[in-house]
Amino acid sequence: MTDSMKRLVICSLTALAMIPAKAQDDSLADAARGRSFFERQAASRVFKVTCVGVPLVAAGLVVKSEDDHFRSLRNDYLPSFNRHADDYLQYLPAAVMVGMKLGGAEGRSSWGRMLASDAFSAVIMGGVVYSLKQSTRVMRPDGSNDNSFPSGHTATAFMTATMLTKEYGHISPWIGIGAYSVATATGLMRMANNKHWLSDVLTGAVIGILSTEAGYYIADLIFNDKGIHYYDIADNCSVDDAPTFVGLYLGLNAMPGNYSLPGNSSLQFSSGSTAGLEGAYFFNPYIGVGGRLAVSNNAVIYKGHALDETLDMFLVHAGAYFSYPIMSRLLIGSKALVGMSFCNQMKTSEYAIGKNCGAGLGTGVSLTFRARSNLGIRMFADYNLSFNRISPAKSTSHLIVIGGSVNVIF
């Protein structure tokens, strides 16, 4: 890390760590109302700034060594994907923000304050991204250059999404949901275009969010009460809330066991990756129904060597979801699912396994933290039993997935 970047990061973190007297007064008022320490911290400025960024940083560190697994999913399902929509999507939230301002919608800031906040955010984001690209020199997945880490497109998309949410999120939570959905689509397209690793995208998202928070905080210090309209965006959570959710599903997986083949040989599978979508509608705080669509990828080990062939499995499950609120912002969950799994064809030098499908069962446990009223960070450990005949002697397979997801909570 360069000296200039160190100074920039230190200044940004120092700004983020400074909590205004108003926030301190609010915290004291919360204490007087009998709110728990956990609830008071969840309402603080520092928490609101870092509640998404910190989990994404942790996820980026975890998956850095597993980037190849997630790239294998892209190579298996979208090997020739080449679209340029991400070059424009990254700016869409900013265009919507300016359009709403031109249309007369009253936002958080006046024109001057908004432009100053956005300029500070862009300078911080650009400086961090450029410094990291120059100091890390990570090769892109397609080998085109060594400016892969972090993803500038993703950083820009999450920066503009955060700008739009800060200015107009008070109108409807769907504005923030839409903005961050566009930003997420930008990051996914960067991976689909084979321009970035998953860790590049996660780090870019963190930089975009935190840079905007820092930029707006600096502008708040400079402008004070000039040109601002105070909007109280509701961020209340209750143990009585029904935690209906939908979100991305990303995890690392394992398929334990040996799969016997003719001639006293067998197959094993190395660790791999799983990605998909999961969601559930809850009738009350405890019981709901939902489903999951996911694809998994595992390298095949045959006679001690990894084959070029991989086992790809497409999973479709639906069933009952369960949740129990430990407190207003922390929930434990489980599920009981049934469905189908579909496997691709694999070939060894001596044996071929055809495409096949079979019924399947799924379960798992999860821990969800409601970072905001409509945003949840979920960690899960899932188990899937599939009745696929991967080898003549074995008609079942076991898939264990450990991972996390960022969920929209309705």
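Caption draft 1: Quick peek at the nonpolar core. Grouped together as the largest cluster of nonpolar side chains are 31 residues, with contacts concentrated most on L56, M97, M125, L164 and I207. Looking at this core, the elements that each hand over two or more residues are α8 (111-136), α9 (152-168), α10 (173-192) and α11 (198-223). The leading source of residues in this core is α11, at nine residues. The residues touching M125, leaving out its near neighbours within four places in the chain, are A155, T156, M159, I207 and S211.

Caption draft 2: Seen up close, the confidence of the model for the protein chain. Per-chain confidence: the protein chain averages 85 in pLDDT, with 84% of residues scoring 70 or above. No element of the protein chain has a lower mean pLDDT than helix α2 (residues 21-32), at 41, and none a higher one than helix α7 (residues 92-102), at 97. Across residues 1-34 the pLDDT falls below 50, and counting only partners more than four positions away or on other chains, this stretch makes 31 contacts in the model.

Caption draft 3: Layout of the side chain of R113. Inspection of the secondary structure assignment puts R113 in helix α8. A distance of 2.8 Å separates the side chain of R113 from the backbone oxygen of K226, its partner in a polar contact.

Caption draft 4: Here's a closer look at unusual backbone geometry. F149 connects to P150 through a cis peptide bond whose omega is -5°. Among the structural elements, P150 can be located in the loop between α8 and α9. Although it is not a glycine, R137 sits at a positive phi angle of roughly 50°. If you trace the backbone, R137 turns up in the loop between α8 and α9.

Caption draft 5: Representation of the packing of aromatic side chains within the structure. Counted by the stated rule, this structure contains eight aromatic pairs. Between F245 and Y321 the ring centres are 6.2 Å apart and the planes differ by 70°, which places this aromatic pair in the edge-to-face class. Taken together, the residues F245 in strand β1 (residues 245-254) and Y321 in strand β5 (residues 305-327) connect sequence positions 76 residues apart. Residues F245 and Y321 agree in their burial class; the two are buried. Arranged with centres 4.5 Å apart and planes meeting at 15°, the rings of Y249 and F380 form a pair that is stacked.

Caption draft 6: Main features of a nonpolar patch on the surface. Residues Y281, F283, Y286, I287, V289, F322, Y324, I326, M327, I332 and L367 make up a contiguous nonpolar surface patch of roughly 1,000 Å² in combined accessible area. Of all elements in the fold, only β4 (287-302) and β5 reach the threshold of two or more residues within the nonpolar patch. Per element, the largest residue contribution to the nonpolar patch is four residues, and it comes from β5. On the basis of relative accessible area, Y286 is assigned to the partly exposed category, the value being 39%.

Caption draft 7: Just α10, in detail. Taking 1.5 Å as the rise per residue, α10 with 20 residues should run 28 Å; its terminal C-alpha atoms sit 28 Å apart, in good agreement. Looking at the packing, one finds that the buried side of α10 touches α5 (67-77), α6 (86-89), α7, α9, α11 and β11 (397-409). The N-cap of α10, judged by a side-chain oxygen 3.1 Å from the amide nitrogen of W174 a few residues on, is S172. Downstream of α10 by a residue or two, N194 has a phi angle that is positive, lying close to 65°.

Caption draft 8: Spotlight on α7. Of the positions making up α7, those classed as buried are P93, A94, M97 and K101. Each buried residue of α7 lies within a common arc of 100° when the element is viewed along its axis, so the set occupies one face. Contacts made by the buried residues of α7 are with α6, α8, α9 and α10. One or two positions beyond α7, positive phi appears at G104, with a value near 95°.

Caption draft 9: View of the pattern of salt bridges. Following the criterion strictly, the structure yields eleven salt bridges and no others. Among the salt bridges present, the one from D220 reaches R113, with a minimum N-O distance of 2.7 Å. A residue pair is termed long-range when its members are at least 10 positions apart, and D220 in helix α11 and R113 in helix α8 qualify at 107 residues. Here D220 matches R113 in class, with each residue buried. R378 is paired through a salt bridge with E278; the nearest N and O atoms lie 2.7 Å apart. A residue pair is termed long-range when its members are at least 10 positions apart, and R378 in strand β10 (residues 375-386) and E278 in strand β3 (residues 265-282) qualify at 100 residues. Across the pair, E278 and R378 agree in class, each one buried. Bridged by salt links that share partners, the residues E278, R292, K335, R378 and D382 form one connected network.

Caption draft 10: Region of interest: the side chain of T156. Within the secondary structure, T156 is located in helix α9. Once you skip the residues sitting within four places of it in the chain, T156 turns out to touch Q90, Y91 and M125.

Scoring rules and cut-offs
Residues numbered from 1 in each chain as written. Predicted model: local features only at pLDDT ≥ 70, side-chain atom pairs only at ≥ 80, totals over all residues. Heavy atoms only, no water. Core = buried A, V, L, I, M, F, W, Y, C linked by side-chain atoms within 4.5 Å. Buried < 20%, exposed > 50% of the residue type's maximum accessible area, 1.4 Å probe, protein only. Helix = DSSP H or I, 4+ residues; strand = E, 2+ residues; numbered from the N terminus. Contact = heavy atoms within 4.5 Å. pLDDT = per-residue confidence, 0-100. Polar contact = N/O pair within 3.5 Å; in protein donor to acceptor, adjacent residues only side chain to side chain. Phe/Tyr/Trp six-rings, centres within 6.5 Å; stacked < 30°, edge-to-face > 60°. Patch = residues over 30% accessible without salt bridge, like charges linked within 9 Å, V, L, I, M, F, W, Y side chains within 5 Å. Areas by Shrake-Rupley, 256 points an atom, 1.4 Å probe, with all protein chains shown as cover. Salt bridge = Lys/Arg side-chain N within 4 Å of Asp/Glu carboxyl O. Expected span 1.5 Å × (residues − 1). Arc of directions from axis to C-beta.

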